[in-house]
Every structure is written in structure tokens, then in C-alpha cells.
Amino acid sequence: MRIRITGIAALLLIFSPCCSLFSPQTTLCIYCPELPEHWQRAFANVPFLLRYPDTNGKVSERIIEPFKERVTITVLKQNNLPVLAYPLVKNRKVQLRPAGGLFPLDLCKENQDLLRLSWDQGIAAEILIRLFSEGLDISALNSSRLSAEIKVRGEGDPWLLDIDYITEKLASKHFRVTYIKMAPARCIQIDPGAGEWFLESPFCTTHPIEEGQVLILENVPFGFHRLFDSTSSSYFDLYLDETSLILIRRD
């Protein structure tokens, strides 16, 4: 027997709470950008550590291989929701700077189920996931303006900005764009040996040197870094502050 639904009953079905249009959750397909050329030369078969706020309000983590599999996540429809993908190298022991994306800001215009991550958006997503992890409401933040200012003030490499300071000021809810500034840094000279050396940022330029030459790195922010060679498996842990420099070789 065929049942015909008309009138109010039909409207109740159309506007039923179970309809995906009104669901508090959504499933996104995650697009990861290609690795920068110098990373492609240095590292092979790179997986990513994916981090994002899940539907339980916790930061979920899982390892993905985006160039081999279709990656989807289910999240709450929360404004400014950050998603990050950290490249894992050296047998997955070392994380590089992440690509990032914000929902719904970075949804693909042609496909609203596709969230595009980019290296440019990595630092904004990193800042927002730190704020989220502290239990702060990030939904009202003007993420479009934040991303634009980071790009301008980052001067070619936003990872040279003072991320801790920016995050602290955003958490205080008394934020000015002038708080987006470069981290304390200085020039260093080291002798790591012959190679094509670069730091962990996707925007970092490579520095080829020959045996006996000194490697000069300008504007290195204080703190912990990793120095890689695209011509070998060697890398260094590097720690820098106002007066000291610690360099430890890893193989």
C-alpha cells in the first residue's frame, strides 16, 4: 500500500531536526597542500599528524597520509574551528611547521564539504587551537582579519612572528593588530658541515655551503629549532637565546 504524505506532515519531514542541514555536526574532506620543494628533496613519503577539535570538545589527533588516502573528519559547526596537519619526518619522530585551515573560512567555494589547508594559514590555526585548548571561546574572533594581518606582518615567513605573545594577547581579549610582531631574534653563525641547510619553517630558504664554510642564519627567533640538510639524513637540534647557542647533531 502506498502512503501519500501531504500538508503539515510533509512540512514536518522537510524541517525535521535530523535533517543534515540542521545538524550541529558536519563531515569535512581535508585537502593538504603539497610539500615545499626543499622538503620534497629532503624527505620522502611524509605522513602528517592531524589535529582538530572533535565533536566532544577535545583536540583529536591521528596520523594520516593525505596523498595516499581520502581524509575526512567530523566536527561541530563551530566558527573559527582550526584544523592542522604537521608533517612528520625522521621516522615520524620530528614535526615540521604545520599547514592549517579554519572552518568555515577556508572551505572550498566550489565544494563546501572540502576544507583546504595551506602553509600560509598554519600559524593562525596554531594560535586558535592553543586558545581552544585553554577553554577559550574562539568563535567570535575576526579570523579573516587575523590571517590577513599575519600574512602582511610576517614579512614572508609568519613563523618568525612571536606566536606566544600573540596568543597571550588574544587570550586577554584586549587585542590590537600591533601585537602581531616579530619574535625576539638574532643572527647566528655555525659550522654544521657541507650541505643544503634549512630550518623547520615551510617558508625558510635553503643555504647551500661547502666543507669549511660557515653557515650564516639571520633573524633566528629565540627558542628551539631544528636544522636540516636536504642532501643527507643529518639534522641538528638548535636552541638559541640572547647570549647562548646550543647545537646538537642528530643522525
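Residues numbered from 1 in each chain as written. Predicted model: local features only at pLDDT ≥ 70, side-chain atom pairs only at ≥ 80, totals over all residues. Heavy atoms only, no water.

Draft legend 1. Geometry of the packing of aromatic side chains. All chains considered together, the criterion is met by 9 aromatic pairs. Ring centres of Phe 48 and Phe 67 lie 6.0 Å apart, and the angle between their planes is 75 degrees; on these two criteria the pair is classed as edge-to-face. Here the residue Phe 48 occupies a position in strand E2 (residues 48-53), and Phe 67 occupies one in the loop between strand E3 (59-64) and strand E4 (72-76), the gap between them amounting to 19 residues. On the basis of relative accessible area, Phe 48 is assigned to the buried category, the value being 0%. (Phe/Tyr/Trp six-rings, centres within 6.5 Å; stacked < 30°, edge-to-face > 60°. Helix = DSSP H or I, 4+ residues; strand = E, 2+ residues; numbered from the N terminus. Buried < 20%, exposed > 50% of the residue type's maximum accessible area, 1.4 Å probe, protein only.)

Draft legend 2. Up close: the sheet that holds strand E13 (residues 223-229). The 5 strands are arranged E11-E10-E13-E14-E15 in an open sheet whose pairing can be described as antiparallel. Where the open sheet ends on each side, the last strands, each with one partner, are strand E11 (207-209) and strand E15 (245-250). For this sheet the average axis-to-axis angle between neighbouring strands, irrespective of direction, equals 25 degrees. Pairing geometry for strand E10 (residues 195-198) and E11, over 3 bridges, is antiparallel. When the bridges of E11 are listed, Gly 195 appears paired with Ile 209. (Pairing = 2+ DSSP bridges. Axes fitted to C-alpha atoms, helices over the stretch in contact; angles between N-to-C directions.)

Draft legend 3. Seen up close, the packing of helix H3 (residues 122-133) against helix H5 (residues 163-172). Orientation of H3 relative to H5, taken along the N-to-C sense of each, is 50 degrees, at an axis distance of 10 Å. Considering the angle they form, H3 stands oblique to H5. Here the hand of the crossing between H3 and H5 comes out right-handed. In this structure, H3 contributes Ile 123, Ile 127, Arg 130 and Leu 131 to the contact, and H5 contributes Ile 163, Asp 164, Ile 166, Thr 167, Leu 170 and Ala 171. Across the contact of H3 with H5, the residue classes tally to 7 nonpolar, 1 polar and 2 charged. (Parallel < 35°, antiparallel > 145°, perpendicular 65-115°, else oblique. Left-handed = near helix turned anticlockwise from the far one by under 90°. Contact = heavy atoms within 4.5 Å. Nonpolar A, V, L, I, M, F, W, Y, C, P; charged D, E, K, R; others polar.)

Draft legend 4. Local environment of the pattern of salt bridges. All chains considered together, the criterion is met by 10 salt bridges. Close ionic contact of Glu 200 with Arg 97 constitutes a salt bridge, the shortest N to O distance being 3.4 Å. Note that Glu 200 is positioned in the loop between E10 and E11 and Arg 97 in the loop between strand E6 (94-95) and strand E7 (99-103), a separation of 103 residues in sequence. Its relative accessible area of 23% is what places Arg 97 among the partly exposed residues. (Salt bridge = Lys/Arg side-chain N within 4 Å of Asp/Glu carboxyl O.)

Draft legend 5. Region of the structure containing the side chain of Asp 162. Its location among the elements puts Asp 162 in the loop between helix H4 (143-153) and H5. No salt bridge is formed by the buried Asp 162; the nearest opposite charge belongs to Lys 181, separated by 5.8 Å. If we skip the residues at most four places from it in the chain, Asp 162 touches Lys 181, Met 182, Ala 183 and Pro 184. (Lys, Arg positive; Asp, Glu negative; His and termini not counted.)

Draft legend 6. Structural view of the sheet that holds strand E8 (residues 114-116). With mixed pairing, the 3 strands of this open sheet are ordered in space as E4-E1-E8. Since the sheet does not close on itself, it has two edges, and those belong to E4 and E8, each with one partner. Each adjacent strand pair in this sheet contributes to an overall mean axis angle of 45 degrees, direction not counted. Both strand E1 (residues 25-31) and E4 contribute to a ladder of 5 bridges, which runs antiparallel.

Draft legend 7. Structural context of H5. Buried within H5 we find Ile 163, Ile 166, Thr 167 and Leu 170. In a view along the axis of H5, the buried residues occupy a sector of 95 degrees, so they form one face of it. What points out from H5, more than 90 degrees from its buried face, is the exposed set Asp 164 and Glu 168. Two residues or fewer after H5 comes Lys 173, characterised by a positive phi angle close to 65 degrees. (Arc of directions from axis to C-beta.)

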